[in-house]
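Okay, here's what each chain looks like letter by letter:
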Amino acid sequence: MNTLLDLLNSRPLVDGREQDVLADPAEGRRWARERGGDGSTAELALLRETRDVLRDIVGAERSPEALQPLLEEVQRVPEATAEGLRWTLRTAPHARLAVEVILAWADTEERMPGRLRPCANTDCRLFLLDRSRANRARWCSMAVCGNREKARRHYERTR
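Residues numbered from 1 in each chain as written. Predicted model: local features only at pLDDT ≥ 70, side-chain atom pairs only at ≥ 80, totals over all residues. Heavy atoms only, no water.

S.K.: In this structure, what is going on with the packing of helix α3 (residues 41–58) against helix α4 (residues 96–111)? I would like to understand it.
M.R.: Two quantities define a packed helix pair, namely the angle between the axes and the distance from one axis to the other. Relative to each other, α3 and α4 sit at 15°, their axes nearing to 9 Å. As far as their axial angle goes, α4 and α3 are roughly parallel. Taken as a pair, α3 and α4 cross one another with a handedness that is right-handed. For the pair formed by α3 and α4, the contact residues are Glu-43, Leu-46, Leu-47, Thr-50, Leu-54, Ile-57 and Val-58 on the first element and Leu-97, Ala-98, Val-101, Ile-102 and Trp-105 on the second. (Axes fitted to C-alpha atoms, helices over the stretch in contact; angles between N-to-C directions. Helix = DSSP H or I, 4+ residues; strand = E, 2+ residues; numbered from the N terminus. Parallel < 35°, antiparallel > 145°, perpendicular 65-115°, else oblique. Left-handed = near helix turned anticlockwise from the far one by under 90°. Contact = heavy atoms within 4.5 Å.)

Structural data, given as structure tokens:
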């Protein structure tokens with residue numbers, strides 16, 4: 001699940017400018033390797049595409065059907081072991097990390113529907129996973145986006 005949020009949040013706005021962690025080959029390779037990927041050019045391209053499709057789906061701009069081309073030739077194969085049933089993912093090596101992120105998104109939507117969402121700050125590009133009991137979290141960070149929004153509303157009220 002952390003890799004899902006990490007991928008969705010890998011293209012933030014910093015001082016009003018987009019920063020894409022996966023666009024720089026060295027930075028992208030490091031990012032992918034830290035999360036179990038190989039950091040290859042093909043993997044980074046697929047991760048960027050996966051990120052953009054998932055961002056659009058979570059932002060309600062596209063249907064989950066947009067993921068289908070990314071899942072072609074992917075198989076989940078059951079394997080009975082002494083510990084129980086285990087599912088093995090079979091895909092091209094460069095696609096494994098992207099597919100794992102897609103599966104993490106699907107699992108999140110199934111277990112916590114509506115809890116993965118964009119930050120309510122329109123100047124922010126980050127996403128959050130609302131784990132609050134009331135399901136009312138609005139900002140990726142209360143310390144940053146939440147305080148900015150509260151300060152903006154206070155300024156408008158007192159102006």
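Okay, back to it.
S.K.: How should unusual backbone geometry be read in this particular structure?
M.R.: Of note in the backbone geometry, Glu-73 takes a positive phi value of approximately 65° without being a glycine. Structurally, Glu-73 can be placed in the loop between α3 and β3 (75–81). In this structure, Asn-135 takes a positive phi of about 55° despite not being glycine.

S.K.: Before we go on, may I ask you to explain the environment of Asp-6 in this structure?
M.R.: Mapped onto the elements of the fold, Asp-6 is located in helix α1 (residues 2–8). Exposure remark for Asp-6: the relative accessible area of 29% places this residue in the partly exposed category. Sequence spacing of Asp-6 and Arg-35 is 29 residues, and the spatial spacing of their C-alpha atoms is 9.5 Å. Beyond its immediate chain neighbours, meaning those up to four positions away, Asp-6 contacts Trp-31 and Arg-35. (Buried < 20%, exposed > 50% of the residue type's maximum accessible area, 1.4 Å probe, protein only.)

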